[in-house]
Amino acid sequence: MLLNKTVFVVDDDEELCQSVCALVSSLGGAARAFASAEAFLERYDESLRGVVVVDLRMPGMSGLELQAELARRNSHLPVIVLTAFARTPTTERAMKAGAVTIIDKPYRDDELWDAIRTALVHEEAAWNVQQRRQDIHRRLLTLSAEERQVLEQI
Amino acid sequence: MGGSEPTSRELQEQNEELRAQLARERELTVRLLKLANASSDLHGLMREATALLQGWTGCEAVGIRLREGEDFPYFETRGFPQDFVRLENSLCVSSIDGQRIGDCQGNVVLECMCGNVLCGRFDPSLPFFTPHGSFWTNSTAALLASTTEADRQARTRNRCNSEGYESVALVPLRSDGTTFGLLQLNDRRPGRFTREQIDLLEGLAAGLAEAIGRRQSAQGFRLSLQLLAAIRDAQLQFITETSSRAAFGALLETLVTMTDSEYGFIADVICREDGRLATRNLAISDISWDAASRQLFQQWAASNWEFPTVRNLIGATVTSGRLVISNAVSHDPRSGGTPPAHPPLRSFMGIPMYSRGELVGMAGVANRPGGYTEDLAEFLTPFIVTCAGIIQTVRGQEKEKEAARALRQSEEKYRRIVETANEGIWAIDPGQRTTYVNRQMASMLGYAPEEMLGRLMTDFMFSEDLADHNAQIEKRRQGADSQYERRFRRKDGSECWTHVSATGIRGSDGDFLGSFAMYVNVNRLKADEKRLSLMGQQLQHAVRLATLGELAAGIAHEVNQPLCAIVNYAKACGNASRHPTPDLAKIREWSDSIAMAAARGGDVVRRLCGFARRTEVHPCKIAIQQLVRDAALLVRFEAEARAVTLRTEMPQDDLLVVAQPVQIHQVLVNLLRNAIEAFGHCRPTGRRVVVDVRRLVDRVWISVEDNGPGLSETVSERLFEPFFTTKPEGLGLGLAISRTIVEEHGGQVLATSNHENGASFHFTLPIAKDALQDAFEQDGFRR
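Definitions and limits used
- Residues numbered from 1 in each chain as written.
- Chains lettered and ligands numbered in written order.
- Predicted model: local features only at pLDDT ≥ 70, side-chain atom pairs only at ≥ 80, totals over all residues.
- Heavy atoms only, no water.
- Core = buried A, V, L, I, M, F, W, Y, C linked by side-chain atoms within 4.5 Å.
- Buried < 20%, exposed > 50% of the residue type's maximum accessible area, 1.4 Å probe, protein only.
- Contact = heavy atoms within 4.5 Å.
- Salt bridge = Lys/Arg side-chain N within 4 Å of Asp/Glu carboxyl O.
- Helix = DSSP H or I, 4+ residues; strand = E, 2+ residues; numbered from the N terminus.
- pLDDT = per-residue confidence, 0-100.
- Axes fitted to C-alpha atoms, helices over the stretch in contact; angles between N-to-C directions.
- Parallel < 35°, antiparallel > 145°, perpendicular 65-115°, else oblique.
- Left-handed = near helix turned anticlockwise from the far one by under 90°.
- Nonpolar A, V, L, I, M, F, W, Y, C, P; charged D, E, K, R; others polar.

### Remarks on the nonpolar core
The tendency in soluble globular proteins is for nonpolar side chains to be buried as a group.
Next up, step 1: Ranked by size, the top nonpolar core spans 50 residues in total, and within it Ile 624, Ile 702 and Phe 763 of chain B carry the most contacts.
Next up, step 2: Among residues more than four places away in sequence, those in contact with Ile 624 of chain B are Leu 655, Ile 664, Val 693, Val 700, Ile 702 and Leu 765 of chain B.

See the structure below:
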């Protein structure tokens, strides 16, 4: 499951960043650390497979803002937001929208890892969905004009 | 008989007659001598003498006039009718109301032939005068008919003639050249006297005069003794009773009696405030005899017997300062008249009293029959001197009493001030022994004043303060005053803080006599100060705790981060260790990371605890950069939350200050938070807060600058006021406390507005001393 998947850890707190990477690698996963959301976005492209673990509060772009940006870019990557704070209306809304998983710091036990695993599963599914969609889109593009008309009538 | 030669029988008869006459004359002389030498007094002598003469001469009436004042009234009469004596008694010219009329010089005029004889107004060529100055006639009728007024040497009353006396003989009584009396023999039958008889009488008169004179001397002597006795008594009275009033009363009585006066007074003379002299009666005869005069008396008593000098005889005495005698007051130009209710004043003598050359008083007597003479005044000299002496003594006593009273009052006043003063008062001698301590001071230290007298001031002090105390005493010695605080040991051993205001005491020759100080108990003040200081610290602490509460979010974040890392690393280690082939190197690395994270967490906690701590007892040397870094860490979260970029600009080398780290921390956190929160809604992007630290000569200069909205004028005026805040939930204590802390550290706080926009808050701290030296050397200064 973890093959060719990477956990992208975005946090301005280096120590915490590294500790998450350590956790991932201790379970045989791959992890990459980014000091800021902007730094991650620089390296982002659609081929990236994995999960994004990001701190909510950061100087510059916040975790939620990163998630919004990824959504805008049609990214299928699930985003896990770590926060030290109690839930706010903003975070609640985001949660309900299903866009993101929010975990309070400090988290209990395997909470983070469970979340990552769950996210990876979702990612797989989302990836497959995205691939099929893209495939259909490609095939759609090969249809003649008349075929498209028919399709539209269906 | 015939013109022929007398017969032998006739001669014999004449011889017989002559012998008989001589015998009779001898007998008379002897009897008179005996009389003269008899021990009888004057009256007795006069009686006997007149009887003798009457018997011897066979005259109807014999009288003797003796001098009394200026008059020569009858001292003794025998055979004269009462009326005659009364009418003829006074020889002075008087007016109808009995007032004597003086000549232009104020002297009395003696009338009648008696007057002539007495005054020596006679013409020896005239037959009725003898060379000695006596007058005799055997027929007054014939005399009157044959002579003129001029011959008779001025007015004669001629009453003898009117009365029917034909034979009249007047023989002056002389002694030491002065005529002091007159022997008068009258008979209705003419021809009673012979020339020889008159001669004999003149001779007898001499003896009689001497006898009289002796007795008068004796009388005078007795009078003097009486006077002296009276004086002695009065003096004794004055000494034993120290009541001058009674003494003067007694003296006045003596005076009036001795001078045969009707009434009198003794007064002292004072100089009033308006410069005029006045007399104050010390004793006065009670001359009230009816309602009006009693009222007058009361009036005088009401004015305290003080009479300003006026133009009357009394005034004349006082203003001239000399003896004043007036025996014909009604015609005396010096007289000023008397008040209506005043008894008549016929004659007056005012005697001035001197003591040590100064006029201190006077005595006045009135209405002596016969008037006053200078001799009388002289006779009274010891009396006058005594009175003057007593007046002087009384004055001296009064002055002393007055001075003593004034001194006592002054002492009382000062004693009252000192005793009732709220301040403690303490005086010590040069040896630092207590010479005086007032009640307040003693009770301040828990003693009774008596317990402190004589003891050293240092007995009541703490040994640590002795050095400073001695320095202060030295200042007193040098003549310098000072004010300072001093702690004393109370009886129960507790402290008593006082504020001292001390001065040195110098003697009249400038030597050091000790010191004198006033003390105010400032124990309560000190306790209050301490309490206040304590409360201030408690407040600061409370504010720090409150600050921590407000920074809770940031704090939680600070602590959570390392915790999270620890959890992650621990899990990682756990996972790795369950691997069939654990990567030990990784496990080791991650274990180390756990430790580091824990340490980091510990740091945060420590930092926070440090901030929440109470102030240390003693400040320490610490680098300002460290304090700035810590403060920045604490507020980092807040800054991030508000999108404020926090920057520090500090020199590389540590700048050491002597400070209470917790307090300076508090100041920095306060300023930083203010700066961060200042933005409000303005400048959504580009918010910046910069902490600038630099050295300026001997101080560290710290500035916290923001580019926020800045300070309005009203705000900047009230910035450091306690409880002034622009934030809705703010306490308004942050800046006030910050200023207190900085000033306590020897620095200053300042707020300025920036050029572009925003505000800057600055504060300074003195650089630690040895660090200062290094800094100077760095600058190139050489010691």
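### Quick notes on the pattern of salt bridges
All names here are of chain B.
Next up, step 1: Counted according to the given criterion, the structure contains 43 salt bridges over all chains.
Next up, step 2: Ionic pairing is found between Arg 9 and Glu 13, a salt bridge with its closest N-O pair at 3.0 Å. Remark: Glu 13 and Arg 9 occur in helix α1 (residues 8-37); sequence separation between them is 4 residues, near one turn of the helix.
Next up, step 3: Taking the relative accessible area as the measure of exposure, Arg 9 reaches 58% and is therefore exposed.

### Structural notes on the confidence of the model for chain B
In low-pLDDT regions, the fine details of the predicted coordinates are not to be read closely.
Residue and element names in this part refer to chain B.
Next up, step 1: Confidence in the prediction of chain B, expressed as mean pLDDT, is 83, and 93% of residues score 70 or more.
Next up, step 2: Mean pLDDT values for the elements of chain B range from 68 in helix α23 (residues 769-779) up to 93 in strand β21 (residues 699-706).
Next up, step 3: Across the predicted assembly, pTM comes out at 0.46 and ipTM at 0.85.

### Comments concerning helix α10 (residues 313-320) of chain B
Residue and element names in this part refer to chain B.
Next up, step 1: All of the buried residues in α10 are Leu 313, Gly 315, Ala 316, Thr 317 and Val 318.
Next up, step 2: As for α10, its buried residues are in contact with β6 (263-271), β7 (277-284), β9 (324-326), β10 (348-355) and β11 (358-366).
Next up, step 3: After α10 finishes, the residue Gly 321 shows a positive phi value of roughly 70 degrees.

### Focus on the packing of helix α1 (residues 14-26) of chain A against helix α18 (residues 584-612) of chain B
Next up, step 1: Direction vectors running N to C along α1 of chain A and α18 of chain B enclose 150 degrees, while the axes themselves pass 11 Å from each other. Between α1 of chain A and α18 of chain B, the interaxial angle falls into the category roughly antiparallel. Seen from above, α1 of chain A lies across α18 of chain B with left-handed handedness. Judged by residue contacts, Glu 15, Ala 22, Ser 25 and Ser 26 of chain A of α1 of chain A engage Trp 590, Ser 593, Met 596, Ala 597 and Arg 600 of chain B from α18 of chain B.
Next up, step 2: By residue class, the composition of the contact of α1 of chain A with α18 of chain B is 4 nonpolar, 3 polar and 2 charged.

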